[in-house]
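# Overview (structure and organization)
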Amino acid sequence: MSAFRPPKGTDDILPPQSSTWRRVLREWDEWSEVYGYGLVVTPLFEATEVFERGVGGESEVVQKQMYTFTDRGGRSITLRPEGTAGVVRAYLDAGGSGVMKLSYAGPMFRYEQPQAGRRRQFHQLGIEYLGVGEPLADVEVVEMGYRFLTRLGIGEVELRLNSIGDATCRPGYLQVLREYLEERREALSPDSRARLASNPLRVLDSRDDAPLLADAPSMVQHLCAACSQHYTGVKEGLDQLGVAFVEDPRLVRGLDYYTRTAFEYIGTSLDAAQNALGGGGRYDGLAEALGGKPAPGVGLALGVERIVLALGEQAVGEVDVYLVSEDPQLAGRVLKLAARLRQAGVRTDFDAARRSVKAQFRSADRSRAPIVVVVGDRPELDIRCDGERHAVPPEEITQWVTTRLHR
Ligand code: AMP
């Protein structure tokens, strides 16, 4: 034990739990490539203003959750609480025009009240589809995330969908909503009362006030023609792809820059407090809010911690072959065999500590390797696999193992 623990709300991710992480990250890389998204890497910190403008000064994230400090040069710096503002800042910096499809994975930082699935350092997987305002882009993003989650084997995922309008129709709706809420002000929770003036849309997702909000006017009833057409296009596209969704008129999302499409993936196996696996939406106003030319965009972010929680304990081994040496004198042979297998892409391990045969077998067990190769002073290797033993000449080992693994 060291004298230190990780800071409150942060975690060390180690084997064996990290093997699930690794699988999730690897599949994310592959899946975003399959959909045509290139990799984007942006700084873990930005000028504080990027988030104040890009996430929105009224948002809870900016008001209460940012890790902000002054650096040695006197600049106000913030650890990124989310990925989109930084990615759009990078897009604008690179010229801010044309279509760009970008994918990222990495840590985000928010000063939260920590609990399971709600951390101060957490990790997101995200894509941003920039430069296209058509519903087809929304459909692609929503479908990509949905299929990613279901392919992982996460169990039932419910897709919730809404439209929150744009600068044309939202102000009118907010007026109607505010009037409705003002009439019921006394019955509202203190939190909602405080939000009423600054951010009435956020009152809609208050759990405490759910009964009172059941009959509240909804944005979709007040969409302008263009937003309504867009929303219909998104729903039709998802229907065509066979992606089932539930319309949720109270889904608003926490960040201020969204326009039109808003969506969320709910893991039905998780506790209600942390069952949002991810979500996203369209943010056609963001580029301008960051001081660039207007540029449409739509994206999503998924929470790795939540995904790993939903996947649960998984008996995934990280090693295919474990080499056991019957005699410390044979270390050179073991090393060469391991190198040969590894060059063939076979996940191979052995015990470099020259411990007893018994201890090596224990390590082999722990590694969950399906194939154990015992190296002795016989010319042939003694392979243990599926409760059987096989004598295999060393020069045939790679062939034997790869055939076996791909059966
Ligand atoms: P957001 O950026 O708030 O829209 O969050 C997108 C997703 O990131 C959520 O659905 C969660 O899966 C995950 N997430 C957000 N905040 C946290 C947090 N503090 N700890 C763990 N996961 C989080």
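I will try to describe carefully the structure that is included in this document.

What counts, and at which threshold
- Residues numbered from 1 in each chain as written.
- Predicted model: local features only at pLDDT ≥ 70, side-chain atom pairs only at ≥ 80, totals over all residues.
- Heavy atoms only, no water.
- Near = heavy atom within 4 Å.
- Polar contact = N/O pair within 3.5 Å; in protein donor to acceptor, adjacent residues only side chain to side chain.
- Areas by Shrake-Rupley, 256 points an atom, 1.4 Å probe, with all protein chains shown as cover.
- Helix = DSSP H or I, 4+ residues; strand = E, 2+ residues; numbered from the N terminus.
- Pairing = 2+ DSSP bridges.
- Axes fitted to C-alpha atoms, helices over the stretch in contact; angles between N-to-C directions.
- Buried < 20%, exposed > 50% of the residue type's maximum accessible area, 1.4 Å probe, protein only.
- Arc of directions from axis to C-beta.
- Contact = heavy atoms within 4.5 Å.
- Salt bridge = Lys/Arg side-chain N within 4 Å of Asp/Glu carboxyl O.
- Phe/Tyr/Trp six-rings, centres within 6.5 Å; stacked < 30°, edge-to-face > 60°.
- Lys NZ or Arg CZ within 6 Å of the ring centre and 35° of its normal.
- Parallel < 35°, antiparallel > 145°, perpendicular 65-115°, else oblique.
- Left-handed = near helix turned anticlockwise from the far one by under 90°.
- Nonpolar A, V, L, I, M, F, W, Y, C, P; charged D, E, K, R; others polar.

In this section: the site of the ligand. Neighbouring the ligand are 14 residues; Arg-110, Glu-112, Arg-119, Arg-253 and Ala-276 lie closest to it. Ala-276 places a polar main-chain atom, nitrogen or oxygen, 3.0 Å from an oxygen atom of the ligand. In isolation the ligand exposes 490 Å². Once the protein is present, 91% of that is buried. Elements supplying a minimum of two residues to the shell around the ligand: strand S6 (121–130), strand S10 (276–282) and strand S11 (297–303).

Another point: the sheet that holds strand S2 (residues 45–47). In sheet architecture, strand pairing relies on hydrogen bonds along the backbone and comes in two forms, parallel and antiparallel. Within the open sheet, the 3 strands sit side by side as S2-S4-S3. Their pairing is antiparallel. The two strands at the open ends of the sheet, each matched to only one other strand, are S2 and strand S3 (67–70). In this sheet, neighbouring strand axes are inclined to one another by 30° on average, regardless of whether the strands run parallel or antiparallel. Of the pairings in the sheet, the one linking S3 to strand S4 (residues 76–79) comprises 4 bridges and is antiparallel in character. Its bridge partner being in S4, Phe-69 is matched across the sheet by Ile-77.

What follows deals with helix H14 (residues 357–367). For H14, the set of buried residues is Ala-359, Gln-360, Ser-363, Ala-364 and Ser-367. Each buried residue of H14 sits inside an arc of 145° when the element is viewed along its axis, so together they form one side. Exposed positions of H14 whose direction lies more than 90 degrees from the buried face are Lys-358, Asp-365 and Arg-366. Considering only its buried residues, H14 is in contact with strand S12 (321–325) and strand S14 (371–375).

We now examine the pairing of strand S7 (residues 157–163). Successive side chains on a regular strand alternate, one facing one side of the sheet and the next facing the other. Counting buried positions along S7 gives 5 out of 7 residues, so the element sits mostly inside the fold. Direction of pairing for S7 relative to strand S9 (residues 259–267): antiparallel, over a ladder of 7 bridges. Following the sheet pairing, Arg-160 is matched in S9 by Glu-264. Relative to strand S8 (residues 246–247), S7 runs parallel, the two being bridged by 2 bridges. Residue pairing for S8: Leu-161 is matched across the bridge by Glu-247.

Here we take up the pattern of salt bridges. Where charged atoms of side chains with opposite charge meet at close range, the side chains can pair. Scanning the model with the defined rule gives 27 salt bridges in all. We note a salt bridge from Glu-60 to Arg-202, for which the minimum N-O separation is 3.9 Å. On the criterion of sequence distance, the pair formed by Glu-60 in helix H3 (residues 60–65) and Arg-202 in helix H8 (residues 200–203) is long-range, its members being 142 residues apart. For Arg-202, a relative accessible area of 12% translates into the label buried. Overlapping salt bridges bring together Glu-60, Arg-195, Arg-202 and Asp-205 as one network.

Let us look at the packing of aromatic side chains. Taken as a whole, this structure holds 5 aromatic pairs when the rule is applied. On the basis of an interplanar angle of 70° and a centroid distance of 5.6 Å, the ring pair of Phe-263 and Tyr-265 is categorised as edge-to-face. What makes Phe-263 buried here is its relative accessible area of 0%. By relative accessible area, Tyr-265 is classed as buried at 0%. Sitting above the plane of the Tyr-129 ring, Lys-101 keeps its charged end 5.0 Å from the centroid. Taking NZ or CZ as reference, Arg-184 lies 3.7 Å from the ring centre of Tyr-180, over its face.

The next subject is the packing of helix H5 (residues 135–152) against helix H10 (residues 225–241). Two elements in contact, H5 and H10, have axes whose closest approach is 8 Å; the angle formed by their N-to-C orientations is 45°. Classed by the angle they form, the pair H5 and H10 counts as oblique. For the crossing formed where H5 meets H10, the hand is right-handed. Between H5 and H10, the contacting residues are Pro-135, Asp-138, Val-139, Val-142, Glu-143 and Arg-147 on the first element and His-230, Gly-233, Val-234, Gly-237, Leu-238 and Leu-241 on the second. Looking at the contact of H5 with H10 residue by residue, the class counts come to 6 nonpolar, 3 polar and 3 charged.

Position of Glu-46 relative to the elements: it lies in strand S2. Its relative accessible area of 7% is what places Glu-46 among the buried residues. Apart from residues lying up to four places away in sequence, Glu-46 is in contact with Phe-51, Ser-76, Ile-77, Thr-78, Gly-86 and Arg-89. A distance of 2.8 Å separates polar atoms of two side chains, one belonging to Glu-46 and the other to Arg-89.

Just distances and angles here, no functional claims.
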